[in-house]
Amino acid sequence: MTGRPYVLLSCAMSIDGYIDDATTERLLLSNDDDLDRVDATRAGCDAIMVGAATVRRDDPRLLVRSERRRAERVARGLAPSPVKVTVTGSGDLDPAARFFTAGDGAKLVYCPSGVVDKAREQVGAVATVVDAGEPVTPEAVVADLAGRGVSRLMVEGGGSVHCQFLTAGLADELHLVVAPFFVGDRRAPRFVGDGRFPWHPGRRARVVEVRQIGDVVLTRYALSDRCLA
């Protein structure tokens, strides 16, 4: 696609590749210094995306936390935090979730044509619901975001959303943080599931940075020629 947003995927996982455990409590995989790095990355983006399952499970706010970074965005003529984006196949979303209630910026909900009415009934008062066709594809979402002026998109998960962007070849950069422990429970969600990925033993992704941040390790991968070291 030409003219699509630059797509940056961000994920933290355990040594054995899990992004959460199987309990109802959220598993903390990062640390304060790395969360500040993520905040700086958010501040440099136009939109942040998570899947509807992440909205329901983690109830994220998806805001820039640093007052200084929010002020810098406002000084550049931007909203304090990026546009919030989610994708739902069922239209089942709670308007009281912090995705919708935290922050004054725009919220976009992409869904299949068949559930548009349901989604608008549930969250139409607090978000813009977009008919993304049947089925919803990453290509359709990024094309619509480009038309809304989004030039840099940060995708924060979960695993299904990451897998869709990766297998579609729509990711330009991956920030992968590894926490120093194992989860060891096949019931827990993994970073990505099965799929045909553009990066394989015959076409390796390019590593542009490896950095220890406290007790976690960040590896930045270039997944397209658009990614600069």
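This one's a predicted model, so the numbers in the text were calculated from it and none came from an experiment.

Student: Now, about the environment of Pro138: what can you tell me, with residues and values included?
Tutor: If you trace the backbone, Pro138 turns up in helix H6 (residues 138-147). Judged by relative accessible area, which is 10%, Pro138 ranks as buried. Between the C-alpha atoms of Pro138 and Ile19, which are 119 residues apart in sequence, the distance is 21 Å.

Student: Which residues make up the state of the cysteines, and what are the values?
Tutor: Should the sulfur atoms of two cysteines be covalently bonded, the bond is a disulfide. Summed over the entire model, instances satisfying the criterion amount to zero disulfides. In this model Cys163 remains outside any disulfide bridge; the closest cysteine sulfur is found in Cys11, 12 Å from its own. Judged by its relative accessible area of 12%, Cys163 is buried.

Student: Any details on the layout of surface pockets? Residues and values, ideally.
Tutor: Looking at the largest pocket, its volume works out to about 930 Å³. What lines the largest pocket is a set of 34 residues, and nearest its centre among them are Ala12, Arg26, Thr54, Asp58 and Glu156. For the lining of the largest pocket, the secondary structure elements donating two or more residues are strand E1 (6-13), helix H1 (32-43), helix H2 (52-58) and helix H7 (159-167). Along the lines of polarity and charge, the residues of the lining of the largest pocket split into 15 nonpolar, seven polar and 12 charged. Its volume calculated, the second largest pocket comes out at about 300 Å³. Contributing to the lining of the second largest pocket are 19 residues, with Gly51, Val87, Ser160, Val161 and Gln164 lying nearest its centre. Put simply, the parts of the chain that give the lining of the second largest pocket at least two residues each are strand E2 (47-51), H2, H6 and H7. Considering every element that reaches the lining of the second largest pocket, the biggest residue donor is H7, with five residues.

Student: Residue-level account of the nonpolar core, with values.
Tutor: Residues Leu9, Met49, Tyr110, Leu145, Leu153, Val155 and Phe165 are the most contacted members of the largest nonpolar core, which totals 28 residues. Contributions of two or more residues to this core are made by E1, E2, strand E4 (107-111), H6, strand E6 (152-155), H7 and strand E7 (173-178). For Leu9, the residues in contact, after removing those within four places along its chain, are Val155, His162, Phe165, Leu166, Ala171, Glu173, Leu174 and His175. Val50, Leu62, Cys111 and Val129 belong to the second-largest nonpolar core, a separate cluster that totals 17 residues.

Student: Please set out the packing of aromatic side chains residue by residue, giving values where relevant.
Tutor: One pass over the structure, following the stated rule, counts one aromatic pair. Taking the centre distance of 4.9 Å and the plane angle of 75 degrees together, the rings of Phe99 and Phe100 count as edge-to-face. Between Lys84 and the ring centre of Phe99, over which it is positioned, the NZ or CZ distance is 5.6 Å. Against the face of Tyr18 rests Arg190, its NZ or CZ located 4.5 Å from the ring centre.

Student: How would you explain the sheet that holds E1 if you had to name every residue and give the values?
Tutor: Within a beta sheet, neighbouring strands are joined by backbone hydrogen bonds and run either parallel or antiparallel to one another. In spatial order, the strands read E5-E4-E3-E2-E6-E1-E7-E9-E8; together these nine strands make up an open sheet with mixed pairing. Either end of the sheet is taken by a strand with one partner, and the two such strands are strand E5 (128-131) and strand E8 (206-213). Shown here is a sheet whose adjacent strand axes are inclined to one another by a mean of 20 degrees, direction ignored. The strands touched by H6 within the sheet are E1, E2, strand E3 (83-87), E4, E5 and E6, with E4 carrying the most contacts at an inclination of about 145 degrees.

The rules behind each value
- Residues numbered from 1 in each chain as written.
- Predicted model: local features only at pLDDT ≥ 70, side-chain atom pairs only at ≥ 80, totals over all residues.
- Heavy atoms only, no water.
- Helix = DSSP H or I, 4+ residues; strand = E, 2+ residues; numbered from the N terminus.
- Buried < 20%, exposed > 50% of the residue type's maximum accessible area, 1.4 Å probe, protein only.
- Disulfide = S-S within 2.5 Å.
- 1 Å grid on protein atoms, 1.4 Å probe; cavity = no way out; pocket = protein on both sides within 12 Å on 5 of 7 lines; lining within 4 Å.
- Points joined across faces, edges and corners; volume = space filled by probe spheres on them.
- Nonpolar A, V, L, I, M, F, W, Y, C, P; charged D, E, K, R; others polar.
- Core = buried A, V, L, I, M, F, W, Y, C linked by side-chain atoms within 4.5 Å.
- Contact = heavy atoms within 4.5 Å.
- Phe/Tyr/Trp six-rings, centres within 6.5 Å; stacked < 30°, edge-to-face > 60°.
- Lys NZ or Arg CZ within 6 Å of the ring centre and 35° of its normal.
- Pairing = 2+ DSSP bridges.
- Axes fitted to C-alpha atoms, helices over the stretch in contact; angles between N-to-C directions.

Just geometry here; none of it tells us what the structure is for.
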